[in-house]
Amino acid sequence: MADRPVITSSELTPRSLYLRRREFVAGAVSAGLIGTMAPLASALAAPLQFVKSPLSTSEPPTPRKDVTTYNNFYEFGADKGDPAQNAHTLTTKPWTVKIDGLVGKPADYDLDDLIKDAALEERIYRMRCVEGWSMVIPWVGVPLADILKRVEPQGSAKYVAFETLVRPKEMPGQRGLFQPLPWPYVEGLRLDEAMHPLTILAVGLYGETLLNQNGAPIRLVVPWKYGFKSIKSIVRIRLTEEQPPVSWNLQNPREYGFYSNVNPKVDHPRWSQATERRIGESGLFVKRRETLMFNGYGDQVASLYAGMDLKANY
Ligand SMILES: Nc1nc2c(c(=O)[nH]1)N[C@H]1C(S)=C(S)[C@@H](COP(=O)(O)O)O[C@H]1N2
Ligand SMILES: [Mo]
C-alpha cells in the first residue's frame, strides 16, 4: 500500500488540478502524514465527464473552497473544519455498495460497475442545512431512480434505506470516547421521493470526483430536504416495506423527523427556520435570505406531500 505512487505520470491532468495536488501532497509531507500516503492518494479529486442538466439553478455556486472545508461529517469529527482535516484517512477504492431488500437483483455492486453505464450529469442545487446556512453546489451524479430501476424494485417496496460505512480505523469520530451518533449513520426516503428526478447519487462536485469530506465515493443529494438527509460514503441501499430508522431522529426524535423537508413555517424546537445565511457571502451588510418552502423546489415536489400535515410529519 505504502509504495503506491501518489501521482502517476500516465495521468492526464489539467495543470491547475496538478498544481493543487502538488500543494496537497506537499502539505501532507510537511504535516508528517507521509506514512499514510495510500489513503491520501485515494482522497485526491480526479476530473469527471458529464453533461449539464436543465434541472440546475442559475444562482452562482458557493466557492469550492467553502464547499470542501465547511462540512458536517460526524464520522470525522463534530466541528465544521474536522472532515477536511481528517477525512483523508478514508480509503475509497475499491468500494462496494450492497443493494438488497425488496429488489429483483440484490447484489454487492462494485461502484465502478454500478455507475459505468450511467450518464453523469452536473446538477447545480441549492442546499439548506438545518442549522440555518445554505450553499449552492455544482454536484456531478446520476439520478437515484436510474440505479433503482436497474435493481428492479418489487411491488411491496415502499421505502429506501441508506447506510454509511463503519470503519473506526479510518474514521476517528467513530472511535472517540464521545460518540455523537449511533453508527452506522442511516437515512431513508419514501420510494416516491427516492424515484423523483431531482434525487441524485453524487460522485463529484465542481467537475471532479468527491473529496472524502463531501462523502466520497458516493453520497445522496436531496435538494428539497435539510442537508443531513444527504447521507455520505454509502455502503448499503435497502428497499423495505416499513419506514426505516434515520440517524438524527434516533439521536433526538423531538427535533428531527423522518421527512425533514425544508420548511420556513415549521421551526426547529430551538430556533427559527424562516431565514438562512448563504455561505461565502460574508460582511457586515449581507442580509440573511428568506428560506423557501421545499428549499425553492416546491413546483417539482409539493405534489409528493399533497394532503399531508407537514407540521406533524416534520
Ligand atoms: N455519513 C454522514 N453523512 C452526512 C453527515 C454525517 O455526519 N455523516 N452530515 C450531514 C449533514 S448535517 C450535512 S449538512 C451534509 C453536509 O454535506 P457537505 O459537507 O457535502 O456540504 O452531509 C450530511 N451527510
Ligand atoms: Mo446539516
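What counts and how
- Residues numbered from 1 in each chain as written.
- Chains lettered and ligands numbered in written order.
- Predicted model: local features only at pLDDT ≥ 70, side-chain atom pairs only at ≥ 80, totals over all residues.
- Heavy atoms only, no water.
- Helix = DSSP H or I, 4+ residues; strand = E, 2+ residues; numbered from the N terminus.
- Buried < 20%, exposed > 50% of the residue type's maximum accessible area, 1.4 Å probe, protein only.
- Contact = heavy atoms within 4.5 Å.
- Near = heavy atom within 4 Å.
- Polar contact = N/O pair within 3.5 Å; in protein donor to acceptor, adjacent residues only side chain to side chain.
- Areas by Shrake-Rupley, 256 points an atom, 1.4 Å probe, with all protein chains shown as cover.
- Nonpolar A, V, L, I, M, F, W, Y, C, P; charged D, E, K, R; others polar.
- Salt bridge = Lys/Arg side-chain N within 4 Å of Asp/Glu carboxyl O.

Enquirer: Help me understand the overall build of the chain in this model?
Expert: The number of helices and strands found in the chain is nine helices and 13 strands. Classification of the 314 residues of the chain by burial places 52% in the buried group. Taking contacts inside the chain between residues at least 6 apart in sequence as the whole, the part at least 24 apart equals 71%.

Enquirer: What's the story with the site of ligand 1 in this structure? I'm lost.
Expert: What surrounds ligand 1 is a group of 17 residues, the closest being Asn71, Tyr74, Arg219, Ser230 and Lys232. Separating a nitrogen atom of ligand 1 from a side-chain N or O atom of threonine 164 is a distance of 2.9 Å. One of the side-chain nitrogen or oxygen atoms of arginine 219 is found 2.8 Å away from an oxygen atom of ligand 1. Protein burial of ligand 1: of its 530 Å² of free accessible surface, 97% is covered by the chains. Within the shell around ligand 1, the residues separate by chemical class into eight nonpolar, six polar and three charged.

Enquirer: In this structure, what is going on with the pattern of salt bridges? I would like to understand it.
Expert: Opposite charge on two side chains allows them to pair when their charged atoms are near. A complete count under the given rule lists 20 salt bridges for this structure. For lysine 52, the salt bridge goes to glutamate 122, with nearest N and O atoms at 3.4 Å. One end of the pair, lysine 52, is in strand S1 (residues 51-52); the other, glutamate 122, is in strand S4 (residues 121-128), with 70 residues separating them in the sequence. Note on glutamate 122: relative accessible area 10%, which makes it buried. Close ionic contact of glutamate 276 with arginine 278 constitutes a salt bridge, the shortest N to O distance being 3.9 Å. Exposure remark for glutamate 276: the relative accessible area of 4% places this residue in the buried category. Residues joined in a network through salt bridges with shared partners are Glu59, Arg126, Arg128, Glu276, Arg278, Glu281 and Arg289.

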